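If you want the building blocks of each chain, they are given just below.
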There are 2 protein chains.
Amino acid sequence: MNKLFVVGLGPGNPEFLTEHARQALEQSQLICGYTKYIALIADTFPDKEFFQTPMTGETERCKKALEAAQSGITTSLICSGDSGVYGMASPVLELAPDYPDADIEIVAGITAASSGAAVLGAPLGHDFCIISLSDLLTPFEVIEKRLQATVAGDFAAVLYNPASHKRKDYLQRACRILLDAGKNPDTVCGWVRQIGRDGESFGICSLQELEHFEADMFTTVFIGTSTTKQIGDRMVTPRGYRI
Amino acid sequence: MNKLFVVGLGPGNPEFLTEHARQALEQSQLICGYTKYIALIADTFPDKEFFQTPMTGETERCKKALEAAQSGITTSLICSGDSGVYGMASPVLELAPDYPDADIEIVAGITAASSGAAVLGAPLGHDFCIISLSDLLTPFEVIEKRLQATVAGDFAAVLYNPASHKRKDYLQRACRILLDAGKNPDTVCGWVRQIGRDGESFGICSLQELEHFEADMFTTVFIGTSTTKQIGDRMVTPRGYRI
C-alpha cells in the first residue's frame, strides 16, 4: 500500500505545522496543492516534486494525488487550515474507491476558527458553529437556515469565505439575516485578516458595525454569543468557570 | 512585559504539537497544567519546572500562571486540544486585567473535532457545530436548545464530553433530543476514543445505534448531516465538489 497523506498546513507560516504534518511532507516524493499553498511551504521542502493547479483545479489535484499513490509514489496533497474542514479530505475519500492501492491518511491541521480565535482572544470558549458563506456549492437558502439556527441556539459562529470578488455583499447579507432572526445588534464580533501570514490584522466591533465592514476572501469573521464580551482589546466568550 | 503562553497541545502525543507551541514551551521556565496533560509532555521537556493541579483546579492553575508571568517568569499554561475551545484561554483572559504585566499569547492547538475527524475520514467536510454535553457549567436546557438547532440547520455536530461517571446517560439523552427534533435515525454517525493516544479506537454507526453506545469521558462523538455517508470504513460529509 502506498501512502497518500492529505495534510492540513494550518494558517500558513510553517511554524503552524504539526510534527505529524511535517513528517508526512518529509516522507513524500510528490506534493500536490493549490499554487498559493505550495508557495507557503516550497522553501521548507526544497527537494520535493510539486504538482500545482489554480484554485478551481481541486478535482484534478485529488486525482493526480490518488493516481500517484496508486502507482507507488508516496504523495501529500496539501490544504490550508485543516484538511478535513472545507478541505481536500472529503473529495479524496469520495474518489478513493477507484484507487484501491492508495493508503489514505488524513493529517489534521489548525483551522482558521482556532488560529483566528487565538488572534482575537478566546471567542470560542464555549459551543460554536462554523459556516461558509460561499454559495458556489451550497444553495444560499441552506446558508440562511444555518445562520438562523445559530441565533436559535445562541451559538458563537465563525464565518469562512465571507466575501469574494463576486460576492461582495455576503457578509452584509449574513449580518442582516442574524439581526432579523433576533440577534442583539450589540453582540461582540471580530474579524481577522491573513491569519498567521504577513500583514495579519484584526478588529473587534458590534454586530451592527460588522454589517458595514468590508471583508475580503482572506478574512475570517467571528460572531459572539449573548455572553461574549470585550476585555481590553480581546474578544472573550466565557467558558463558565465561576472565577 | 513577561510572556504567558496559553498553549493547546492537540490530542496528546507530542507529534501533534505545532512548532509554534513547541517553541512556546521551550522558552518557558514554568509549565502549568492538569496533572494528566503534564504527563503527556514531561518527557519531551524534562528541564522545566512544572505546576500541576487536578482536574477541578482550573482557576488555581490560571492564577498561578498569571502570577508567575506577572513576577517575571516566562510561563506556559497547557491545555489538551485547542487552548481556545473549552480551554484555558477564556478564563485566563477574564482574570488578566488583574495582572497587567503578564503579556498573554494564545497558542492554538488541534481540537478534538479536527483530530477525531481525521481518524474517521472527513465527517466535517462542510458546516458544523461543536457542543459540550457537560452541564457542570451550562444549564441542560441550553444544551438541549443547541442540539435542536443543529437539526434545524442540518449541521454536522461534534459532541465533546458525551459522558462521565456522573452523566452516564447524556449521550443517550442527546440522541433522543436529536431524534425527537426530526433527525433521521439512519444518519451516519461516528465516535473516536483516546484520539492520538495509546489505545485509540473508533467506530461508525447510525444515529439510532449511537443511542445505545456507551461513551466515556475520553470519547468524542460525530453526528452527520443529511448528506453524510459511509464509504468503506470512513465517515464522509461531501464538501460539494461535483466529482
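What counts, and at which threshold
- Residues numbered from 1 in each chain as written.
- Chains lettered and ligands numbered in written order.
- Predicted model: local features only at pLDDT ≥ 70, side-chain atom pairs only at ≥ 80, totals over all residues.
- Heavy atoms only, no water.
- Helix = DSSP H or I, 4+ residues; strand = E, 2+ residues; numbered from the N terminus.
- Rg over C-alpha atoms; globule rule 2.2 N^0.38 Å.
- Buried < 20%, exposed > 50% of the residue type's maximum accessible area, 1.4 Å probe, protein only.
- Contact = heavy atoms within 4.5 Å.
- Areas by Shrake-Rupley, 256 points an atom, 1.4 Å probe, with all protein chains shown as cover.
- Lys, Arg positive; Asp, Glu negative; His and termini not counted.
- Charge placed at Lys NZ, Arg CZ, Asp CG, Glu CD.
- Axes fitted to C-alpha atoms, helices over the stretch in contact; angles between N-to-C directions.
- Parallel < 35°, antiparallel > 145°, perpendicular 65-115°, else oblique.
- Left-handed = near helix turned anticlockwise from the far one by under 90°.
- Nonpolar A, V, L, I, M, F, W, Y, C, P; charged D, E, K, R; others polar.
- Least-squares fit on C-alpha atoms with pLDDT ≥ 70 in both.
- Polar contact = N/O pair within 3.5 Å; in protein donor to acceptor, adjacent residues only side chain to side chain.
- Salt bridge = Lys/Arg side-chain N within 4 Å of Asp/Glu carboxyl O.
- Expected span 1.5 Å × (residues − 1).
- Pairing = 2+ DSSP bridges.
- Buried area = accessible area lost by both parts, 1.4 Å probe.

A closer look at the overall build of chain A
- Helix and strand counts for chain A come out as 8 helices and 13 strands.
- On C-alpha atoms alone, chain A measures out to a radius of gyration of 19 Å, which is about the 18 Å that the 2.2 N^0.38 rule sets for 243 residues.
- Here the C-alpha coordinates of chain A stretch approximately 55 × 35 × 35 Å along the principal axes.
- The buried share of chain A, taken over its 243 residues, is 61%.
- In chain A, the proportion of contacts linking residues at least 24 apart, taken out of those at least 6 apart, comes to 69%.
- Surface summary for chain A: the accessible area is close to 9,300 Å², and the carbon and sulfur share equals 47%.
- Within chain A, the 30 negative side-chain charges are centred at a point lying 3 Å from the centre of the 21 positive side-chain charges.

So, the packing of helix α6 (residues 140-152) of chain A against helix α7 (residues 170-180) of chain A
Residue and element names in this part refer to chain A.
- Direction vectors running N to C along α6 and α7 enclose 45 degrees, while the axes themselves pass 9 Å from each other. Considering their axes alone, α6 and α7 lie oblique with respect to each other. Between α6 and α7 the crossing geometry is right-handed. Within the contact between the two elements, α6 uses F140, E144, L147, Q148, T150 and V151 and α7 uses Y170, R173, A174, I177 and L178.
- Here the contact of α6 with α7 is composed, by residue class, of 7 nonpolar, 2 polar and 2 charged.

Some points on unusual backbone geometry
All names here are of chain A.
- In this structure, Q194 takes a positive phi of about 55 degrees despite not being glycine.
- Along the chain, the position of Q194 falls in the loop between β9 (188-193) and β10 (201-206).
- Owing to a relative accessible area of 18%, Q194 belongs among the buried residues under this scheme.

Section: the environment of I41(B)
- In this structure, I41(B) sits in helix α2 (residues 35-41).
- Taking the C-alpha atoms as reference, I41(B) lies 22 Å from S201(B); in sequence the two are 160 residues apart.

Re the relation of the copies chain B and chain A
- Mapping chain B onto chain A leaves a residual RMSD of 0.0 Å; the transformation is a rotation of 180 degrees accompanied by 0.0 Å of translation along its axis. The superposition operator between the copies reduces to a two-fold rotation axis.
- In this assembly the copies share their binding face: 100% of the residues contributing to the interface of chain B also contribute to that of chain A.

Side note on the side chain of T237(B)
- Mapped onto the elements of the fold, T237(B) is located in the segment after β13 (234-236).
- Owing to a relative accessible area of 1%, T237(B) belongs among the buried residues under this scheme.
- In this structure the side chain of T237(B) is engaged in a polar contact, spanning 2.8 Å, whose partner is the side chain of T228(B).
- Those residues in contact with T237(B) that lie beyond four places of it in its chain are S90(A), A122(B), P123(B), L124(B), G125(B), H126(B), T225(B), T227(B) and T228(B).

What to know about the pattern of salt bridges
- In the structure shown here, the tally under the stated rule is 14 salt bridges over all chains.
- The closest approach of N and O atoms between R193(A) and D216(A), which form a salt bridge, is 2.5 Å. Of this pair, R193(A) sits in strand β9 while D216(A) sits in the loop between α8 (207-210) and β11 (219-223), and the two are 23 residues apart along the sequence.
- What makes R193(A) partly exposed here is its relative accessible area of 24%.
- Of the charged contacts in the structure, one is a salt bridge between E94(B) and K229(A), with a shortest N-O distance of 2.9 Å.

Considering α6(A)
- Spanning 13 residues, α6(A) covers 19 Å between terminal C-alpha atoms, matching the ideal 18 Å at 1.5 Å per step.
- Turning to α6(A), its buried residues number three or more, namely F140(A), I143(A), R146(A), L147(A), A149(A), T150(A) and V151(A).
- Buried residues along α6(A) sit in contact with β7 (128-132), β8 (156-160) and α7 of chain A together with α6 (140-152) of chain B.
- The positive-phi residue at the C-terminal boundary of α6(A) is D154(A), with phi of around 45 degrees.

Brief notes about the sheet that holds strand β2 (residues 30-34) of chain B
Residues and elements named next belong to chain B.
- One open sheet accounts for 5 strands, arranged β3-β2-β4-β1-β5; its pairing is parallel. Edge positions in the sheet fall to β3 (49-53) and β5 (102-107), since each of these pairs with one other strand and no more. In this sheet, neighbouring strand axes are inclined to one another by 20 degrees on average, regardless of whether the strands run parallel or antiparallel.
- Of the pairings in the sheet, the one linking β2 to strand β4 (residues 75-79) comprises 3 bridges and is parallel in character. Across the sheet, C32 pairs through a bridge with L77, a residue of β4.
- Its contacts with the sheet place helix α3 (residues 58-70) against β1 (2-8), β2, β3, β4 and β5, and it is angled at close to 170 degrees to β2.

Quick look at the interface of chain B and chain A
- Across the contact, 63 residues belong to chain B and 63 residues belong to chain A.
- In total, about 5,800 Å² of surface goes out of reach between chain B and chain A, with carbon and sulfur atoms giving 59% of it.
- Counting the contacts that link chain B with chain A gives 4 salt bridges.
- Here D127(B) ties to R146(A) by a salt bridge, and the two come within 2.8 Å at their closest N and O atoms.
- Our enumeration of links across chain B and chain A arrives at 40 residue pairs in polar contact (both at pLDDT 80 or more).
- Of all the elements, helix α4 (residues 89-95) of chain B adds the most residues to the side of chain B that touches chain A, at 6 residues.
- Of the residues belonging to the side of chain B that touches chain A, the class tally is 31 nonpolar, 19 polar and 13 charged.

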